[in-house]
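# Summary of the model geometry
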Amino acid sequence: MLHAFFQCTGLTGVDLSNLTTVSNQSMNSTFYGCTGLTSVDLSSLTSVSGNNTMSTTFYGCTNLTSADLSSLTTVSGNSAMQGTFNGCTGLTSINFNNLQTIGTNSSSGDYGHFSNCFKNCNNLTSITFPKLEKIYCTYSTNTYGTFSGNNKVQKFYFPKLDTITYGTGAISTNQKACKNVFYGCSELTELHFASANQSAIEASPGYSTAWGRGAGNVTIYFDL
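As a starting point, this report considers the structure included with it. Every chain is numbered on its own, with residues counted from 1 as its sequence reads. Residues qualify for local features only when their pLDDT is at least 70, as the model is predicted, and side-chain atom pairs are given and counted only at 80 or more; totals for whole chains, interfaces and linings, by contrast, use all residues. The side-chain numbers reported here are obtained from all heavy atoms of the structure, hydrogens and water having been left aside.

### Description of the pattern of salt bridges
Note the threshold: Each reported salt bridge corresponds to a side-chain nitrogen of Lys or Arg within 4 Å of a carboxyl oxygen of Asp or Glu. By the criteria applied, helices consist of DSSP H or I runs no shorter than four residues and strands consist of E runs no shorter than two, each listed in order from the N terminus. In this scheme, a residue with accessible area under 20% of its type's maximum is buried, one over 50% is exposed, and one in between is partly exposed, where area comes from a 1.4 Å probe on protein chains only.
Scanning the model with the defined rule gives 2 salt bridges in all. Asp-162 is paired through a salt bridge with Lys-134; the nearest N and O atoms lie 3.4 Å apart. Note that Asp-162 is positioned in the loop between β11 (155-158) and β12 (163-165) and Lys-134 in strand β10 (residues 134-136), a separation of 28 residues in sequence. The class for Asp-162 is partly exposed, based on a relative accessible area of 26%. The closest approach of N and O atoms between Lys-155 and Glu-190, which form a salt bridge, is 3.9 Å. Placement of the pair is Lys-155 in strand β11 and Glu-190 in strand β13 (residues 190-193), with a sequence separation of 35 residues.

Below you can see the structure in the form of structure tokens.
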């Protein structure tokens, strides 16, 4: 699906409700620049893997208002969700009800697994990650910017998350990204995690110094 609908500006809707798996060249820039796109049905998609996985899949889809990815469990491979929804200024909600893993537990490359994923989605009010367990980020840039430019979301809930880390053995220059996972959430005030995962979350890179950077005063709760 590499560049499948690249800059198809007249495309308004796509029914991919029977699609379950994408691999190899994956969904890199599949709908990049589809400025007329308002809806995509990917409700049966369970896994995406391979080169540039879901990198810039919906980049610049300014009229996309919602995305149903409710069956997606794993996005693996390099640049897993780098810039996936970057510039989707009309996006208000995304369903990630079954997503468990973002990125790959590897130090073999400098990959922006979750960087700029929701950058400039300044109307996004609802993102749900009820089953997300692991986020891997091996990227050497200082400004990770996963939610940069988002000025609506005030609270995030991660009831299953126990890992925010770089790949096993990653060199120090590839460890910066994890320290800025919540960078740029200007209205963010609360992060909620499971009490059972408190020690693991507190051991995550940048927990004590960087998670609230660029987001005002953030209170972290272990109450789920």
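### Concerning the nonpolar core
Just so we agree on the cut-off: Among buried residues, the Ala, Val, Leu, Ile, Met, Phe, Trp, Tyr and Cys ones that are joined through side-chain atoms within 4.5 Å form a nonpolar core. Contacts between residues were defined by any pair of non-hydrogen atoms, one from each residue, lying within 4.5 Å.
Ranked by internal contacts, the top residues of the largest apolar core, which has 52 residues, are Phe-85, Phe-96, Phe-118 and Phe-156. The residues contacting Phe-156, other than those within four sequence positions of it, are Ile-127, Phe-147, Phe-182, Cys-185, Leu-188, Glu-190, Leu-191 and His-192.

### What about the packing of aromatic side chains?
How two aromatic rings sit relative to each other is set out by the distance from centre to centre and by the angle between their planes. Using the following cut-off: Aromatic contacts are taken between Phe, Tyr and Trp rings whose centres are within 6.5 Å, Trp giving its six-membered ring; a plane angle under 30 degrees counts as stacked, one over 60 as edge-to-face, and the others as tilted.
Here the structure, examined in full by the defined rule, presents 12 aromatic pairs. Seen from their ring centres, Phe-5 and Phe-31 are 5.2 Å apart, and the 0° between their planes marks the pair as stacked. Note that Phe-5 is positioned in the segment before β1 (13-15) and Phe-31 in the loop between β2 (21-22) and β3 (39-41), a separation of 26 residues in sequence. In this structure an aromatic cluster arises from ring pairing among Phe-5, Phe-31, Phe-58, Phe-85, Phe-96, Phe-118, Phe-129, Phe-156, Phe-158, Phe-193 and Phe-222.

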